[in-house]
Amino acid sequence: MNQLNNGFTIFLSLLVEAMPFLLLGVLFSSLLLFFVDERKLVEKMPQNPLLGALVGSMVGFLFPVCECGNVPVARRLLMQGVPTPVAVGFLLAAPTINPIVIWATWTAFRDQPEIVVLRVVFSLLIATIIGYVFSFQTDLQPIVQPAIARYLKFNPPPNPEQKRRGKSSTGKPAINTPNILRSGTYILGGRAGMTTRLDANQLPTSEPNLNTGKSKADKLRLVLDNSIQELRELGGVMILGSAIAAAIQVLAPRDLILSLGAGPITSILVMLVLAAVVSICSTVDSFFALSFASTFSSGSLLAFLVFGPMIDIKSVGLMLSMFKPKTIFYLFALAGQLTFLFTLFINLHVI
Amino acid sequence: MTKSQPQNKFLPWLDVLAIASWGVLMLKYWVTGKLNLLIHPNFFGLVFVCGIALIVIAFLKAKELWQRRRREITPNVQHVNFFAPGWGSSLLLISAILGIIITPQVFASDKALQRGVTELTNSRVQPQAFRASTRPEERSLVDWVRTLSVYPEPDGYTGQKVKVQGFVIHPPDMGKEYIFLARFVLTCCAADAYPVGLPVKLSESQERYTPDTWLEIEGKMVTETISGKRQLTIAASSLKKIPQPPNPYSY
């Protein structure tokens, strides 16, 4: 009984601590997605592959999205003709390189500031390296989904996906429902002034710009609806994640945790696997990692914090709308290996 | 579509309820002072603002739904990729209700033992500043452990006066003449609470209080060898039972 209450206390404390950050992330991303002009951003992207990958990784600072929001944005960037290294860098780094995530990490690891700094540095490094690696693939056809390849090749009318998916998109009325009554994340100022829905379940589609001339109240309603939607989805995942963290803390035999958590290699491997399995949102994952702080090596905590936002089982489905499975496998494998190497170095030589 | 119509009426209200319940839960912790048991005081303000914001969001949505109730209800597009519709809100609602019903508990000796007694004399937080004027008897238990982690030679403190508060732990491998006096330290939230403490040597006449009893102990520092390890130990001259402090954690 005592164990149960301890577990429940841990569970609740994780949630109470994480909720403000989740809310902030959700509100911030809902608001900023309206106000950042993506098209202007695209024009300014450098063509140099290494620089492009670095800049792409840092664009995340302007899009405080966690891993649920970054895939559609990366996909749009790619379709708007942004160089691949920029898009890949953004895809991998955006969930970590953003002000709210950095603040949350700082909150959780105040007494280990090196974790905060290294999380940012490693994420940037890994995203840039992988982005650079992808710059050698000049022909996009083998790595992206045929739909995008076609789109890029012929630049057909802005709505190829919707036609293809048509009725499969759960039969939602696409035209006759006013835009304002549909929830979701929207980007203004997309291709040719389109408003695009950043929907997680659907391929982003360009829609007639129903947003022009919309009143502030309507815009705010969109922000509200989108925030509620994300709170609901991410909140649910956060609750599951916190429950898992609390359960592991209370139920897992201490000897096992200690033996796994102390080994320089096993600890990293365990945390890499955990990062992939738990798939918790990056705004709150530092609190999850915190519950392992006393038993796991710093390197392995970093592995969780760096690799977690890059790999996300939830968003694999989304990524499949962008890349071929082979590409996603390469992305994850590269990210995993680089994270492993970097954090192993930390475990062996630094801390 | 026909099947999902009733859901479309119900689900938005479930969202409102779930978000409002979390707002209420966070404000409840704020009002009842139970936040002490969950998170570091630095974040109390954040929790308060978040609680208010959640309630405002729920209110705005409720207002909108209420005004729209007679018009045709448009399908609430789910962009669920992990949960079936309603799952996220249900989880939020259930956890908030549980949180409102069940009072969080102060961690006690069982938790400290589970975390490992070996860690008791290690503080993860280094002292940020030294005050030379600090008199030893004014150091708290956590101050002692932090000082010790910076200068870990037990003999350096021999003879210094001690007056500290904490709760009793009986580590299994410790002799009958010793107890551990401990406190939990929070750096962020209860998930990372870790115990710190010092062994206390009891003279023969002294009672070996049961675990979790809160004590104020006065005495002098000595060095003892406990389970094969030289350790800074409090030689207690007086043990006074005290009630559990309203804020049992250190930061």
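These numbers come from a predicted model, not from an experiment. (Residues numbered from 1 in each chain as written. Chains lettered and ligands numbered in written order. Predicted model: local features only at pLDDT ≥ 70, side-chain atom pairs only at ≥ 80, totals over all residues. Heavy atoms only, no water.)

**Quick word on the overall build of chain A**
Under the convention used in this document: Comment: elements are numbered from the N terminus, with helices defined as DSSP H or I runs of at least four residues and strands as E runs of at least two. Only protein chains enter the accessibility calculation, which uses a 1.4 Å probe; a residue is then buried when its area is under 20% of its type maximum, exposed when over 50%, and partly exposed in between. In this description, contact between two residues means that some pair of their heavy atoms is separated by no more than 4.5 Å. Only the protein chains shown count as cover for residues, and all accessible areas are computed by the Shrake-Rupley method using a 1.4 Å probe.
Secondary structure assignment for chain A yields 16 helices and 3 strands. Scored against the burial criterion, the 351 residues of chain A give a buried share of 64%. Across chain A, every contact between residues at least 6 apart in sequence was considered, and the portion connecting residues at least 24 apart equals 78%. By element, 70% of the accessible surface of chain A is carried by carbon and sulfur atoms, the whole surface being about 12800 Å².

**Thoughts on the overall build of chain B**
Each helix and strand counted, chain B has 5 helices and 5 strands in total. Taken from N to C terminus, the helices and strands of chain B fall in the order α-α-α-α-α-β-β-β-β-β. Across the 251 residues that make up chain B, the buried fraction comes to 52%. Summarising the internal contacts of chain B: among those between residues at least 6 apart in sequence, 71% fall at separations of at least 24.

**Digging into the nonpolar core**
Using the following cut-off: We define the nonpolar core as a collection of buried residues of types Ala, Val, Leu, Ile, Met, Phe, Trp, Tyr and Cys that are connected through side-chain atoms lying within 4.5 Å of one another.
In terms of nonpolar packing, the biggest core is built from 146 residues, with Phe109(A), Phe323(A) and Trp22(B) touching the most fellow members. The biggest single contributor to this core is helix α1 (residues 2-35) of chain A, with 13 residues. Those residues in contact with Phe323(A), other than ones at most four positions away along the chain, are Leu78(A), Val88(A), Leu91(A), Ile143(A), Val144(A), Gln145(A), Ile328(A) and Leu331(A). In this structure, Val162(B), Val164(B), Leu198(B) and Leu202(B) belong to the second largest nonpolar core, which totals 25 residues.

**Description of the side chain of Ser282(A)**
The condition that has to hold: By the criterion applied in these results, polar contacts are pairs of N or O atoms within 3.5 Å in which, for protein atoms, one can donate a hydrogen and the other can accept it, and in which residues neighboring in sequence qualify only through two side-chain atoms.
Its location among the elements puts Ser282(A) in the loop between α12 (264-278) and α13 (285-290). Engagement of the side chain of Ser282(A) in a polar contact is seen with the backbone oxygen of Pro95(A), the distance being 2.8 Å.

**Some thoughts on helix α5 (residues 141-150) of chain B**
Across the 10 residues of α5(B), 7 count as buried, placing the element largely inside the fold. Buried residues along α5(B) sit in contact with β1 (161-169), β2 (178-185), β3 (194-201), β4 (214-226) and β5 (229-241) of chain B.

**Some words on the packing of aromatic side chains**
Residues and elements named next belong to chain B. We count it as follows: What counts as a ring pair is set by centres within 6.5 Å for rings of Phe, Tyr and Trp (its six-membered ring), and what kind of pair is set by the plane angle: stacked under 30 degrees, edge-to-face over 60, tilted for all other angles.
Within this structure, the stated rule accounts for 18 aromatic pairs over all chains. Taken together, a centroid distance of 5.9 Å and an interplanar angle of 20 degrees make the contact between Phe167 and Phe184 stacked. Residue Phe167 is found in strand β1, and its partner Phe184 is found in strand β2; the two are separated by 17 residues along the sequence. Exposure class is identical for Phe167 and Phe184. Each is buried. By the ring-pair criterion, three or more aromatic residues cluster together here, those being Phe107, Phe167, Phe184, Trp214 and Tyr249.

**Concerning the packing of helix α3 (residues 49-58) of chain A against helix α5 (residues 84-93) of chain A**
All names here are of chain A. To be explicit about the condition: Between N-to-C directions, angles cover 0 to 180 degrees, with each direction set by a line fitted to C-alpha atoms, over the stretch in contact for helices. Two helices that cross are described as forming a left-handed crossing if the nearer one is turned anticlockwise from the farther one by less than a right angle, and a right-handed crossing if clockwise. All residues other than Ala, Val, Leu, Ile, Met, Phe, Trp, Tyr, Cys, Pro, Asp, Glu, Lys and Arg, Gly among them, are scored as polar; the first ten of these are nonpolar and the last four charged.
For the pair α3 and α5, interaxial distance at closest approach is 7 Å and the crossing angle is 35 degrees. Here α3 runs over α5; the crossing is right-handed. Each of Pro49, Gly52, Ala53, Gly56 and Ser57 in α3 lies in contact with α5, whose residues at this interface are Pro85, Val86, Gly89, Phe90 and Ala93. A per-class count over the contact of α3 with α5 returns 6 nonpolar, 4 polar and no charged.

**Comments concerning the pattern of salt bridges**
Residues and elements named next belong to chain A. Condition: Salt bridge, as used here: a side-chain nitrogen of Lys or Arg that lies within 4 Å of a carboxyl oxygen of Asp or Glu.
All told, the structure shown has 9 salt bridges over all chains when counted by the stated rule. Note that Arg119 is salt-bridged to Asp285, the shortest N-O span being 3.0 Å. With Arg119 in helix α7 (residues 113-135) and Asp285 in helix α13, this pair connects stretches of sequence that are 166 residues apart. Asp285 carries the same exposure label as Arg119, and that label is buried.

**Some points on the environment of Gln165(B)**
All names here are of chain B. Along the chain, Gln165 turns up in strand β1. Between the alpha carbons of Gln165 and Pro245 there is a distance of 9.5 Å; along the sequence they are 80 residues apart. Residues within four places of Gln165 in sequence aside, it is in contact with Leu141, Leu181, Arg183, Leu215, Glu216 and Ile242. Side chain to side chain, Gln165 and Glu216 meet in a polar contact 2.7 Å long.

**Remarks on the sheet that holds β1(B)**
Residues and elements named next belong to chain B. To be explicit about the condition: Any two strands are treated as partners once DSSP identifies two or more bridges connecting them.
If you walk around this closed barrel you meet the 5 strands as β1-β2-β3-β5-β4, and the pairing is mixed. In this sheet, adjacent strand axes meet at a mean angle of 60 degrees when their direction is disregarded. Both β1 and β4 contribute to a ladder of 7 bridges, which runs antiparallel. Residue pairing across strands places Gln165 opposite Glu216, the latter belonging to β4. Together, β1, β2, β3, β4 and β5 form the strand contacts of α5, whose direction differs from that of β3 by roughly 90 degrees.

**Overview of α3(A)**
All names here are of chain A. Going by this rule: This arc describes the spread of directions from the helix axis toward the C-beta atoms.
Among the residues of α3, Gly52, Ala53, Gly56 and Ser57 are the ones counted as buried. Projection of α3 onto a plane perpendicular to its axis shows the buried side chains occupying an angular sector of 130 degrees, all on one side. Looking at the buried side of α3, the elements it contacts are α5 and α7. The residue sitting at the N-terminus of α3 and contributing the capping side-chain oxygen is Asn48; that oxygen lies 2.9 Å from the backbone nitrogen of Leu50.

**A closer look at the pairing of β2(B)**
Residue and element names in this part refer to chain B. Counting buried residues along β2, 8 of its 8 residues qualify, which places the element largely inside the surrounding structure. Because side chains alternate across β2, one face comprises the buried residues Tyr178, Phe180, Ala182 and Phe184, and the other comprises Ile179, Leu181, Arg183 and Val185, equally buried. Looking at chain direction, β1 and β2 are connected through 3 bridges and run antiparallel. By the bridge assignment, Ile169 is partnered in β2 with Phe180. Direction of pairing for β2 relative to β3: antiparallel, over a ladder of 8 bridges. Within the sheet, the bridge partner assigned to Ala182 lies in β3 and is Gly197.

**As for a nonpolar patch on the surface**
All names here are of chain B. Defined as follows: Each patch is built from residues that are more than 30% exposed by relative accessible area and take part in no salt bridge. Like charges join if they lie within 9 Å; nonpolar side chains (Val, Leu, Ile, Met, Phe, Trp, Tyr) join within 5 Å.
A surface patch of nonpolar side chains, about 740 Å² in accessible area, is lined by Trp30, Val31, Phe48, Val49, Ile52, Val56, Phe59 and Leu60. Element by element, the count of residues in the nonpolar patch is highest for helix α2 (residues 44-68), at 6 residues. Mapped onto the secondary structure, Ile52 falls in helix α2. Of the residues examined, Ile52 reaches a relative accessible area of 38% and is grouped as partly exposed.

**Observations regarding the confidence of the model for chain A**
Residue and element names in this part refer to chain A. Put simply, the rule reads: How sure the predictor is of each residue is captured by pLDDT, a score from 0 to 100.
Averaged over chain A, the pLDDT score is 76; the fraction of residues at 70 or greater is 78%. Within the model, the stretch residues 156-187 combines pLDDT values under 50 with 75 contacts to residues more than four positions away or in other chains. Note on residues 189-213: pLDDT is under 50 here. Beyond four places in sequence and across chains, it has 84 contacts.

**A short note on unusual backbone geometry**
Residues and elements named next belong to chain B. At Asp212, a position not held by glycine, the phi torsion is positive, near 75 degrees. Mapped onto the fold, Asp212 is located in the loop between β3 and β4. Relative accessible area serves as the criterion here: at 34%, Asp212 is assigned to the partly exposed category.

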